[in-house]
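# Commentary on secondary and tertiary structure
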Amino acid sequence: MSEKQYKLVTCKINGKERSAMVDVRASLTDMLRNDYSLTSVKKGCEVGECGACAVIIDGECYNSCIYLAIWADGKEIETLEGLTGENGELNDIQQAFVDETAIQCGFCSPGFIMEAESILRTGEIYTDEELRKLLSGHLCRCTGYDNILRAVKKAMNERNGKK
Amino acid sequence: MYDIKALYEAKSVENAIELMKEHPEAKIIAGGSDVLIKIREGKMAGCELVSIYGLDELRGVSMAEDGTLRIGSLTSFSHITKDPLIKKYIGVLGEAVDMVGGPQIRAIGTIGGNTCNGVTSADSASTLLAWDAIVELNGPEGVRTLPLEEFYLGPGKVDLKSAELQTALLIPKESYENCAGFYIKYGMRNAMEIATTGCSVNVRLSSDKKTLERLRIGFGVAGPVPRRARKTEEEFKGASLEAGLPEKIGDAVLKDVEPRDSWRASKDMRLHLCSTMTERAFIEAVSRCGGEIPEKA
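What chain A contains, in helices and strands, is five helices and five strands. Its helices and strands taken in sequence order, chain A reads β-β-α-β-β-β-α-α-α-α from the N to the C terminus. Rg of the C-alpha trace for chain A: 16 Å, near the compact-globule value of 15 Å for 163 residues, within the 12% margin. Seen through its C-alpha atoms, chain A measures out along the principal axes to roughly 55 × 30 × 25 Å. Within chain A, the fraction of its 163 residues that count as buried is 47%.

Below, the structure written as structure tokens:
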């Protein structure tokens, strides 16, 4: 087949109903970045190992680089842009990342923060060991992870009314 | 963009079979965590795909009237781990698939893909094998079932006929009733790692919890395909739970396995792992079944 194949993909992105004709060869990362300019979705390894492209699809965190864009039809997708307020106010996890210096170059941060968001929505309190496992699908080459773990823990405790 | 020549989205199982008949060169894509990576690496670049990802009818765990557990082939690892039926009847499978890759991989990876890729290191395989799982296949000729052990033909090769699709994994009641198991994965790191060797043991004990009624041991990476330790299982059927039994079983499995040297680990290391992991997984399985192995005098 020489001609390109397209599919109309209609989905909810950060709360808004959106539609676009998408090349069937596109990954969800391609669609979110190119069609919707959601550049918090980073292109890292592009083989599902680093987690920089993580987004929430129907409540669960996925690597958008190994998710075909056409599969997003009918789904609800959330990216980091959806967490911030109307005027760019940070959400609690983002603020905790700032407070705990959990960011250096920042490339892994959107992925980590989306993962943390999906973890904290369960409303459960996790031990450090459990949190480490839940965050283990993301690579960070700057921080050494300790500050990231501290930030997620801080946001978790705040959401659950603990100090 | 992926280097895909053409992609056909299946609307139903029947439609998937039709599409595969129309496009014999096309490969099935389920969750894509193997296929898309192979396309990216170039190994499968330029391929035609039949996507079955949208077939929600192949998702979820249910129980038939006769007590058979049915796991839809597209059920993701994360959903298997969370599933109440799995937790209740075959918790070890939920634990085993919770060791695959990382959280996002477990959200996309499917149990059907994990068995259809025919890989010996698949974390679900040794446990499914150790619980005598049955594979349900749908094809142009209709539905057929066969034991998972026979489904594996060789490294990367499974008994999928042309235009055939795996639709479920079945675990009969007789296989899980009054059984408990334990899975150990040995890897060089905790997350995003392929098993150096994996071992899944399950036992059924007599009502007084003194005798081993049935022992089943499944291995990953102890041969070209996932395998059972049949000789050892037969040898220790009916054995009484006495001191030193785990060690004896651990030694016995060496005649059932044939691991090889690879860049991940040497054959000798894998033999040692097979033995030690069997011993440890057996002790845990017995304890989960309510039994106890007496201390050595």
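What follows is about helix α8 (residues 123–130) of chain B. All names here are of chain B. Counting buried positions over the eight residues of α8 gives eight, a clear majority of the element. For α8, every residue scored as buried is listed here: D123, S124, A125, S126, T127, L128, L129 and A130. Immediately downstream of α8, the backbone of D132 shows phi near 50°, a positive value.

This next bit is on the environment of I293 of chain B. Residue and element names in this part refer to chain B. By secondary structure assignment, the location of I293 is in the segment after α13 (267–288). Between the C-alpha atom of I293 and that of L241, which follows or precedes it by 52 residues, the distance is 5.6 Å. When near neighbours in sequence (up to four residues on either side) are disregarded, I293 contacts L241, A243, L245, P246, I283 and V286.

To continue, consider the domain arrangement of chain A. Residue and element names in this part refer to chain A. Each assigned domain of chain A is listed with its residue range as follows: domain 1 (6–80) and domain 2 (92–159). Here the C-alpha centre of domain 2 lies 21 Å away from the C-alpha centre of domain 1. Between domain 1 and domain 2, the contact holds 14 residues from the first and 12 residues from the second. Elements that contribute at least two residues to the side of domain 1 that touches domain 2 include exactly β3 (54–57) and β4 (60–63). It is β3 that provides the largest number of residues to the side of domain 1 that touches domain 2, a total of three residues.

Next up on the list: the sheet that holds strand β2 (residues 16–23) of chain A. All names here are of chain A. Spatially, five strands are ordered β2-β1-β5-β3-β4 in an open sheet, and the strand pairing comes out mixed. Every other strand in the sheet has two partners, leaving β2 and β4 as the edge strands with one partner each. Here the average twist between neighbouring strands, direction ignored, is 40°. The pairing of strand β1 (residues 6–13) with β2 spans eight bridges and is classified as antiparallel. Counted as the bridge partner of T10 is S19 from β2. Sheet strands in contact with helix α3 (residues 109–120) are β3 and β4, and its direction is about 30° off that of β3.

With 26 residues of chain A at the interface, the matching set in chain B holds 24 residues. No other element matches the four residues that β4 of chain A contributes to the side of chain A that touches chain B. Tallied by class, residues from the side of chain A that touches chain B come to 13 nonpolar, seven polar and six charged.

All names here are of chain A. Helix α5 (residues 146–159) packs onto α3 with a crossing angle of 35° between their chain directions and a minimal axis gap of 11 Å. The two elements α3 and α5 meet at a crossing, and its hand is right-handed. In this structure, α3 uses F112, A116 and L120 to contact α5, whose residues at the interface are I148, V152, A155, M156 and R159. Its residues assigned to classes, the contact of α3 with α5 shows seven nonpolar, no polar and one charged.

A word on the environment of A180 of chain B. Residues and elements named next belong to chain B. With respect to the helices, strands and loops of the structure, A180 is situated in strand β11 (residues 179–186). The spacing of A180 and T232 is 52 residues in sequence and 18 Å in space, taken between C-alpha atoms. Once you skip the residues sitting within four places of it in the chain, A180 turns out to touch N202, V203, A285, R288 and C289.

Time to look at the nonpolar core. V50, I52 and V203 of chain B are the most contacted members of the largest nonpolar core, which has 140 residues in total. When residues in this core are grouped by element, the largest group, seven residues, is from α13 of chain B.

A word on the sheet that holds strand β3 (residues 47–51) of chain B. Residue and element names in this part refer to chain B. Strand order in this open sheet of three strands is β1-β3-β2, and the pairing throughout is parallel. Where the open sheet ends on each side, the last strands, each with one partner, are β1 (4–9) and β2 (27–29). Within this sheet the neighbouring strands show an average axis-to-axis angle of 30°, counted without direction. Pairing of β1 with β3 involves five bridges; the strand directions are parallel. The residue of β3 that forms the bridge with A6 is E48.

Glancing now at the domain arrangement of chain B. Size of an interface: often given as the accessible area lost when the parts come together. All names here are of chain B. Each domain of chain B was delimited in the assignment, giving domain 1 (4–51), domain 2 (56–174) and domain 3 (178–288). Between the C-alpha centres of domain 1 and domain 2 the distance comes to 20 Å. In this complex, domain 1 contributes 12 residues to the contact, which on the side of domain 2 involves 17 residues. The element best represented in the side of domain 1 that touches domain 2 is helix α1 (residues 13–22), accounting for five residues. Residue classes in the side of domain 1 that touches domain 2 are distributed as seven nonpolar, three polar and two charged.

Quick notes on the rules
Residues numbered from 1 in each chain as written. Chains lettered and ligands numbered in written order. Predicted model: local features only at pLDDT ≥ 70, side-chain atom pairs only at ≥ 80, totals over all residues. Helix = DSSP H or I, 4+ residues; strand = E, 2+ residues; numbered from the N terminus. Rg over C-alpha atoms; globule rule 2.2 N^0.38 Å. Buried ≥ 20, exposed ≤ 12 C-beta atoms within 10 Å, placed from the backbone. Contact = placed C-beta atoms within 7 Å. Domains from an automatic or database assignment. Pairing = 2+ DSSP bridges. Axes fitted to C-alpha atoms, helices over the stretch in contact; angles between N-to-C directions. Nonpolar A, V, L, I, M, F, W, Y, C, P; charged D, E, K, R; others polar. Left-handed = near helix turned anticlockwise from the far one by under 90°. Core = buried A, V, L, I, M, F, W, Y, C linked by C-beta atoms within 7 Å.

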